[in-house]
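Inside the fold
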Amino acid sequence: TAVLTPQEVDDFFVTLTQMAKDGHALIFISHKLHEVMAFTNRVTVLRDGKNVGTVNTVDTSKNLLAEMMVGRPLNLIRNYKTIECGKPRLKVENISALSDRGVPALKNVSFEICAGEVLGLAGVSGNGQPELAQVIAGLRPSTSGKIMIDDDDLSGSTPMQMIEQGVAFIPEKRNVDGLIKEFSVSENLIMRDLDREVYSKKSFLNMNNIAKRSADLVKTFNVKTPSIDTPIKSLSGGNAQKVILAREISRQPRVLIAAQPTRGVDIGATEYIHERIIEQRETGTATLLISEDLDEIFALSDRIAVIFHGEIMGVVDRKDATLQSIGLMMAGEKPPENQPVE
């Protein structure tokens with residue numbers, strides 16, 4: 001269901017339910033607990049490759065299943081303060097950009113994010129989300145439009161200039177764009193800061209300071225690794241993602257771009273990453289959360305934007321959004337004029 005809108009998921013489940021009624025035996029494998037609860041008869045939970053239990057769906061809940069998945073209670077419900085949105089910290093104005101194939105990927109994309117706000121960007125995969133994240137991070141040129149952070153026009157800035165202006169980036173493909181697999185945990189943690197005199201001077205690395213900083217980050221961000229010298233490719237997906245998270249948000253960014261931050265990680269790491277995003281919100285970071293998981297979008301966002309074929313269909317307050325309305329926009333249908341959309 002990863003590439004389906006909510007309405008398409010519903011139709012898909014109707015088909016599966018009918019197949020079961022016709023006598024077929026179905027195995028549905030998913031980490032989306034609301035989908036598991038929606039139409040299955042029984043649920044088997046695997047943890048570390050072992051069967052930890054099978055329960056009747058009617059006798060369980062999302063919270064109980066999550067607890068079975070990680071072996072401890074989890075908090076899947078987010079309650080945090082509403083914010084008073086002041087002057088925008090990140091302002092994207094009429095940004096257009098091309099894909100790697102040279103065809104339009106973004107078409108006049110505009111939105112604003114305040115300090116201390118999370119804007120969730122929903123959409124089916126392949127509708128311009130990676131290109132938008134790369135443009136804001138300075139990794140992809142735009143063909144038109146402006147990017148403003150506070151009062152600074154950073155249009156056309158390099159990745160280093162965006163870093164210096166306080167932009168942190170959790171990329172969608174961590175093993176391609178976020179990490180160097182052959183490097184150690186320590187090397188991956190420190191790579192953004194190697195130009196700082198505390199870590200290098202006249203081309204010589206200060207290994208003691210690097211080791212101390214890396215050990216502090218591993219402890220602070222609860223990265224499970226044999227040592228800081230362990231190759232990053234030896235870590236689980238969740239711990240590798242924590243390394244990226246530690247490197248990016250330890251810099252106290254003004255703007256955080258989190259693209260699919262929990263893709264391919266277990267539910268325990270997902271909970272941890274969500275908590276860190278909320279912490280950044282409370283410190284005043286403007287966060288763009290790009291996710292294809294609507295549960296994640298609804299759990300963390302103050303407002304929700306929807307992108308379709310490189311265009312923003314609308315922006316709604318989370319309290320006014322429904323799966324139905326978001327799903328329609330994900331399918332390319334703009335909301336009615338009287339709906340509270342920016």
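Below, the structure is looked at part by part. (Residues numbered from 1 in each chain as written. Predicted model: local features only at pLDDT ≥ 70, side-chain atom pairs only at ≥ 80, totals over all residues. Heavy atoms only, no water.)

**Looking at a nonpolar patch on the surface**
A contiguous nonpolar surface patch, about 270 Å² in accessible area, is contributed by L194, L205 and M207. For L205, the position within the fold is in strand β10 (residues 204–205). (Patch = residues over 30% accessible without salt bridge, like charges linked within 9 Å, V, L, I, M, F, W, Y side chains within 5 Å. Areas by Shrake-Rupley, 256 points an atom, 1.4 Å probe, with all protein chains shown as cover. Salt bridge = Lys/Arg side-chain N within 4 Å of Asp/Glu carboxyl O. Helix = DSSP H or I, 4+ residues; strand = E, 2+ residues; numbered from the N terminus.)

**Some details on the packing of aromatic side chains**
Aromatic ring pairs: the centre-centre distance and the angle between the two ring planes describe each pair. Scanning the model with the defined rule gives four aromatic pairs in all. An angle of 35° between the planes, with centres 6.2 Å apart, marks the rings of F12 and F13 as tilted. Seen in terms of ring centroids, F28 and F39 are 5.2 Å apart; in terms of plane orientation they differ by 70°. Their pairing is edge-to-face. Here F28 is found in the loop between α1 (6–21) and α2 (33–39), whereas its partner F39 is found in helix α2, with 11 residues between them in sequence. For F39, a relative accessible area of 18% gives the class buried. Among the aromatic residues, ring-to-ring pairing joins F12, F13, F28 and F39 into one connected group. Taking NZ or CZ as reference, K242 lies 4.7 Å from the ring centre of Y272, over its face. (Phe/Tyr/Trp six-rings, centres within 6.5 Å; stacked < 30°, edge-to-face > 60°. Buried < 20%, exposed > 50% of the residue type's maximum accessible area, 1.4 Å probe, protein only. Lys NZ or Arg CZ within 6 Å of the ring centre and 35° of its normal.)

**Things to note about the side chain of E131**
Topologically, E131 is positioned in helix α4 (residues 129–137). One buried charge, E131, has no salt-bridge partner; the nearest side chain with opposite charge is R140, at 4.8 Å. (Lys, Arg positive; Asp, Glu negative; His and termini not counted.)

**Let's talk about the pattern of salt bridges**
If charged atoms from side chains of opposite charge come close, those side chains can pair. Counting across every chain of the model gives 19 salt bridges. Between D100 and R140 there is a salt bridge, with the nearest N and O atoms lying 2.8 Å from each other. Taken together, the residues span a long stretch of sequence, with D100 in the loop between β3 (88–98) and β4 (104–114) and R140 in the loop between α4 and β6 (144–149) at a distance of 40 residues. Across the pair E117 and R303 runs a salt bridge, and its minimum N-O distance is 2.5 Å.

**What to know about the packing of helix α9 (residues 237–249) against helix α10 (residues 267–282)**
Following both chains from N to C, one finds α9 and α10 inclined at 10°, their axes separated by 10 Å at the closest point. Taken together, the axis directions place α9 and α10 in an arrangement best described as roughly parallel. Listed contacts from α10 to G238, Q241, K242, L245 and I249 of α9 are A269, Y272, I273, R276 and Q280. Class assignment of the residues belonging to the contact of α9 with α10 gives a composition of five nonpolar, three polar and two charged. (Axes fitted to C-alpha atoms, helices over the stretch in contact; angles between N-to-C directions. Parallel < 35°, antiparallel > 145°, perpendicular 65-115°, else oblique. Contact = heavy atoms within 4.5 Å. Nonpolar A, V, L, I, M, F, W, Y, C, P; charged D, E, K, R; others polar.)

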